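# Close look at the chain arrangement
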Amino acid sequence: MTDPWATTRLSVGSLSMWLGTVALFAPRRTARLLGVHPRATEHDRALPLLVRLAAARNIAMGAALLVSPPPQAQRTTEVTLLLTGIDAAAVLVATRKSDTATRSAVLSLLVLATSAAGALRWHRR
């Protein structure tokens, strides 16, 4: 376990699973925390389903990172980075249209930057 990637993989995988689990069981609260407009979090009937779908994806990707050996974990990380980039783009568009709070864009860009930094660090090895 002295490999730096092993620590990163365990951290990212565990965090993805924990965040996914929280969102799975508290989708409206999670959406509010992430900056979705309060009116939507209270009355939108589709919101819990959409948040739970994203939560299930996070749980699955986190589990894949935790159980995959390094060669497959690299591919899983690349797919995770791609999905994170798509998520960040969606959040930025929603923020631009005032559908979400600015903190959503900031959090999304922070997650994207962290993911990209981790992927670059790994590819340099």
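Residues numbered from 1 in each chain as written. Predicted model: local features only at pLDDT ≥ 70, side-chain atom pairs only at ≥ 80, totals over all residues. Heavy atoms only, no water.

## Side note on the overall build of the chain
Of the regular secondary structure elements, the chain holds 6 helices and 0 strands. The secondary structure elements of the chain, listed N-terminal to C-terminal, are α-α-α-α-α-α. Radius of gyration (C-alpha) of the chain: 15 Å, near the 14 Å computed for a compact globule of 125 residues. Along the first, second and third principal axes, the C-alpha atoms of the chain reach 45 × 25 × 20 Å. Within the span of the chain, comprising 125 residues, buried residues form 27% of the whole. Residue pairs in contact within the chain that sit at least 24 positions apart in sequence constitute 63% of those at least 6 positions apart. Summing over all exposed atoms, the chain offers an accessible surface of approximately 8200 Å²; the carbon and sulfur share of this is 67%. A gap of 2 Å separates the mean positions of the 15 positive and 6 negative side-chain charges of the chain. (Helix = DSSP H or I, 4+ residues; strand = E, 2+ residues; numbered from the N terminus. Rg over C-alpha atoms; globule rule 2.2 N^0.38 Å. Buried < 20%, exposed > 50% of the residue type's maximum accessible area, 1.4 Å probe, protein only. Contact = heavy atoms within 4.5 Å. Areas by Shrake-Rupley, 256 points an atom, 1.4 Å probe, with all protein chains shown as cover. Lys, Arg positive; Asp, Glu negative; His and termini not counted. Charge placed at Lys NZ, Arg CZ, Asp CG, Glu CD.)

## Here we look at the nonpolar core
The biggest cluster of nonpolar side chains holds 5 residues, and these are Ala23, Ala31, Leu47, Val51 and Ala55. Considering every element that reaches this core, the biggest residue donor is helix α4 (residues 47-67), with 3 residues. In contact with Val51, not counting residues within four places along its chain, are Ala23, Pro27 and Ala31. (Core = buried A, V, L, I, M, F, W, Y, C linked by side-chain atoms within 4.5 Å.)

## A few points about the pattern of salt bridges
This model, assessed by the stated rule, comprises 1 salt bridge. Note that Asp87 and Arg57 form a salt bridge whose closest N and O atoms lie 2.2 Å from each other. Of the two residues, Asp87 sits in helix α5 (residues 70-96) while Arg57 sits in helix α4, which places them 30 residues apart along the sequence. Judged by relative accessible area, which is 28%, Arg57 ranks as partly exposed. (Salt bridge = Lys/Arg side-chain N within 4 Å of Asp/Glu carboxyl O.)

## A look at the packing of α4 against α5
The angle between the axes and the distance between the axes are what describe a pair of packed helices. Taken N-terminus to C-terminus, the directions of α4 and α5 make an angle of 155°; their axes are 9 Å apart at the nearest point. Here α5 runs roughly antiparallel to α4, going by the angle between their axes. For α4 against α5, the interelement crossing comes out left-handed. Together, Arg57, Met61, Ala64 and Leu65 of α4 and Ala73, Thr76, Thr77, Val79, Thr80, Leu83 and Asp87 of α5 make up the contact between the two elements. (Axes fitted to C-alpha atoms, helices over the stretch in contact; angles between N-to-C directions. Parallel < 35°, antiparallel > 145°, perpendicular 65-115°, else oblique. Left-handed = near helix turned anticlockwise from the far one by under 90°.)

## Some points on α4
If you check α4, its first and last C-alpha atoms are 30 Å apart, about what 21 residues at 1.5 Å a residue would give, namely 30 Å. Among the residues of α4, those classed as buried are Leu47, Pro48, Val51, Ala55, Met61, Gly62 and Leu65. The buried side chains of α4 occupy one side of the element, clustering within an arc of 155° when seen end-on. Along α4, the residues that are exposed and aim more than 90 degrees away from the buried face are Leu49, Leu50, Leu53 and Val67. (Expected span 1.5 Å × (residues − 1). Arc of directions from axis to C-beta.)

## Let's talk about the environment of Ser104
Assignment of secondary structure puts Ser104 in helix α6 (residues 102-124). On the accessibility criterion, Ser104 (7% relative accessible area) is buried. Along the chain, Ser104 and Ala88 lie 16 residues apart, while their C-alpha atoms are 9.1 Å from each other. Not counting chain neighbours up to four residues away, the residues in contact with Ser104 comprise Leu34, Gly35, Val36, Val91 and Thr95.

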